[in-house]
Each structure stands twice: as C-alpha cells, then as structure tokens.
Amino acid sequence: MITDDPRAAAAALLDGALVILPTETVYGLAGRADDPAAVARIYAVKGRPSQHPVIVHVADPRLDPSAPGSWVREVPDYARRLADACWPGPLTLVLPRSARATDDVTGGQDTVAIRVPAHPLALVVLRAMDEIDPAGAPHGVAAPSANRFGHVSPTMLAHALTDLGGLLSESDLAIDGGACEVGVESTIVDCTGPQPRVLRPGGVGVADIERITGLEALDATASGIRVPGALPSHYAPQARIALAADGDALTAYVDAAVEGGTDVERIGVIAMSGAPTPDGAQRLLAPETVDAYARGLYDALRRADAAGIAFIVAVPPDPDGEGVSEAIADRLRRASAPR
Ligand code: TXA
Ligand code: MG
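Residues numbered from 1 in each chain as written. Chains lettered and ligands numbered in written order. Predicted model: local features only at pLDDT ≥ 70, side-chain atom pairs only at ≥ 80, totals over all residues. Heavy atoms only, no water.

Chemist: Before we go on, may I ask you to explain the overall build of the chain in this structure?
Modeler: Along the backbone of the chain there are ten helices and 15 strands. Here the C-alpha atoms of the chain give a radius of gyration of 20 Å, agreeing with the 20 Å that 2.2 N^0.38 yields for 339 residues. For the C-alpha atoms alone, the extent of the chain along its principal axes is close to 65 × 50 × 30 Å. Classification of the 339 residues of the chain by burial places 56% in the buried group. (Helix = DSSP H or I, 4+ residues; strand = E, 2+ residues; numbered from the N terminus. Rg over C-alpha atoms; globule rule 2.2 N^0.38 Å. Buried < 20%, exposed > 50% of the residue type's maximum accessible area, 1.4 Å probe, protein only.)

Pasting the structure below:
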C-alpha cells in the first residue's frame, strides 16, 4: 500500500483510488476531485460529515478561468496577486466555482477552494495525472487532511496511517514524503468579495496577505459552519490543554494541577525553548523558532496522547500576524476549547 512511485499514485488516483499524499503543510487524503465516488469515500474514511467542502489541489498556478477544464470561473485581481506570490505554497483561495467543481467538492456552495501545494512529491503526482490523461487536464485532487474528523492533522505518514491505515482498501496508496515542512494547514482566504477574508490562519501570515494585495485582510475565522476547522473545538488531542501567557503562568498552571491531584509526570509542556519545564513535567516541544514550533506542534500533541499525558500547558507564540504565529495560536486555542 505504501509506494514511492508517484506515477503509480497518479494512475491510482485517475482510477478512482485514494492516496495519502504529503504536502508541505500536512498530509492529505487525496481523491480525484471530479469523481463523486472517490470524494464520497474520502468523507467515509475520514468520518467527516457530508456537506463540508474540500480543497481542490492542482499543479498549475495559472488560474485561467477561460482555459478548458478550469475549476474557477472568475479571479479578482488581488486573488491573482496572491496566487502569483504564494503558489506553490500553503495558501488556499476560495473563488467562484466553474461547472467542473461540483457540489461533491464545494458542499453545494457557489465557491471552490483551490491550492497548489509546494511539496515536490505532491506536485509530481499532480503533473503525472495530467501527463497520463492529458485530455482530462488540469486534474485536481480533493485532499482534506489525512486524519479522522476532529483529530490532529498528520505531519508524518505514520500519523496518517495510525488514523486511517485500517480504513483504506487494497487499491489505495500512501506516499512517504517525510515530515511536513510547514506543519500547520494552509491559510484559507475567501476571495469572493472586494477584499480578502481570512477563513483560517495557516502557513502564510495575514501580514503577508496584506502586503501582497495592498488590501486590509478581514478576519473571518469565526464566520461559520462551512469550515469544520472553524468549529470551536477541533485539532484536539485527548489530553486537556491550558494556554499560558508566559513562563510564570505556565509554572502556576502546573503547580495548580499538581495540587489538584494530577501526577506531575502526566503533565506536558509546549513552549519556546526559553520557557521553563517545571520539575517532573514532560517537555513535549521546545522550539528555537516560531517555524519550528509550527513544524513540531501536531507531532507533540500526538506524542502526548501516546505517552498518556493528561494535561498539557502550552505557551503560544505572540500572534503578530507574521508567518505561522497566528496559525499556532489559533490551533492551540481550538485544541484547548471545551469539548
Ligand atoms: O493545508 C491544507 O489546507 C491541507 C492540505 C492537505 O492541503 N488540507 C486541509 O483540508 O486542511 P481540510 O479539508 O482538512 O480543511 C479544508 C478547509 C475546511 O475547513 C473546509 O471547510 C474549507 O477548507 N473549505 C473548503 N472549501 C471551501 C469553500 N468553498 N468555502 C469555504 N471554506 C471551504
Ligand atoms: Mg482537517
């Protein structure tokens, strides 16, 4: 089931099979976006409620609505600038859909979410689909994160196989692309209005979006049920999570938990390397940079569960709009939300 042959993966996708595919953000569970049966299987395998739209991944960053087979019917100027500046990369654009983007991928909305992933293997697979079947090009694959619904996204193949391995069938494949370089999901920007609306912070910082477009980016992260990642409780490990503002608050949380009867060895700490690890607690992550924080976060949450950690105290980096800081703060907030 694991293959290192991108052409075999492309052929399998064209035949309607599913492929666990590495991207630079997180691993995706990919299926042909114009094959309703493949998309339906993605939902079934993930345990994801239907009617939630999925992202269509394509190889070609030129969004030409007049090209035959285009997935979009209209591209505002600022969206074009974002695509030119960020693709391939961790940015998803929500645009008016073409007839090719059916209700199966859009959840019945008049928009489609589209992105060009930067992982070399993902690009090779997508391009191989177009080479093997040029008549159907440009091919797109629907690829939500390759985790069970509500769980932490996979940043290594082993994570994805833990969640989904037993649910795939004989003809499905998985590609090992190593640890994902970004580690949090793509930034989703709604480009259907006069200015960009950020539906989910991610690998591209909000400040970058404003610099590239010259427009103010509206915060639409609380805009509603269409984005399951926007549910208050999502990206959640089993352990309870508390967010601390700094090292002192972190230590206070740990002390209070120990006083409350939690075994200190079952307390985990996630914070930049400068923050303290209270005596006896388990340090799950101590990154030197914000990028390394994003890269290691989901693995740390999964390791916490595997180690039987009951309580995690995390100090998020300052969400200053730059790079992945906002995405880390967002995911930790959701992981710590009451369930
Ligand atoms: O980094 C990523 O984006 C990863 C990798 C695999 O590409 N994919 C990913 O997909 O995170 P998923 O399905 O876990 O999250 C995609 C989000 C969902 O919350 C979905 O509701 C939203 O994108 N979405 C998709 N189409 C949309 C649309 N037309 N309008 C608004 N939101 C949309
Ligand atoms: Mg997801």
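The discussion continues.
Chemist: Help me understand the pattern of salt bridges, please; the structure alone is not making it clear to me.
Modeler: Between side chains of opposite charge, a pair can form as their charged atoms come close. Within this structure, the stated rule accounts for 18 salt bridges. The closest approach of N and O atoms between D34 and R100, which form a salt bridge, is 3.0 Å. Here R100 lies in the loop between β5 (91-96) and α4 (103-106) and D34 lies in the loop between β3 (28-32) and α2 (36-46), a separation of 66 residues in the sequence. Since its relative accessible area comes to 17%, R100 is described here as buried. (Salt bridge = Lys/Arg side-chain N within 4 Å of Asp/Glu carboxyl O.)

Chemist: So what exactly am I meant to see when it comes to the packing of helix α9 (residues 290-306) against helix α10 (residues 325-335) here?
Modeler: In a packed pair of helices, the relevant descriptors are the angle between the two axes and the axis-to-axis distance. Two numbers describe how α9 lies on α10: the axes approach to 9 Å, and their chain directions differ by 35 degrees. Crossing of α9 over α10 shows left-handed handedness. Between α9 and α10, the contacting residues are V290, Y293, A294, L297 and Y298 on the first element and S325, I328, R331 and L332 on the second. Among the residues forming the contact of α9 with α10, the class breakdown is seven nonpolar, one polar and one charged. (Axes fitted to C-alpha atoms, helices over the stretch in contact; angles between N-to-C directions. Left-handed = near helix turned anticlockwise from the far one by under 90°. Contact = heavy atoms within 4.5 Å. Nonpolar A, V, L, I, M, F, W, Y, C, P; charged D, E, K, R; others polar.)

Chemist: Where do I start with unusual backbone geometry in this structure?
Modeler: Excluding glycine, most residues fall at negative phi; most peptide bonds, likewise, are trans. The step from W87 to P88 runs through a cis peptide bond, and the omega angle for that step is -5 degrees. Relative to the assigned elements, P88 resides in the loop between α3 (77-86) and β5. Of note, the bond from A137 into P138 is cis; its omega dihedral lies within 30 degrees of zero at -5 degrees. Relative to the assigned elements, P138 resides in the loop between α5 (120-132) and β7 (141-142).

Chemist: I'm lost on the sheet that holds strand β13 (residues 267-270) in this one. Help?
Modeler: Read from one edge to the other, the open sheet built from four strands follows the order β12-β15-β13-β14, with strand pairing classed as parallel. Edge strands, defined here as strands with exactly one partner in the open sheet, are β12 (240-243) and β14 (282-285). Neighbour-to-neighbour, the strand axes of the sheet open up by a mean angle of 25 degrees, direction not taken into account. Judged from the four bridges that link them, β12 and strand β15 (residues 311-314) form a sheet pairing that is parallel. If you follow R240 over to β15, its bridge partner there is F311. Those strands touched by helix α8 (residues 247-259) are β12, β13 and β15, and its axis lies near 165 degrees from that of β15. (Pairing = 2+ DSSP bridges.)

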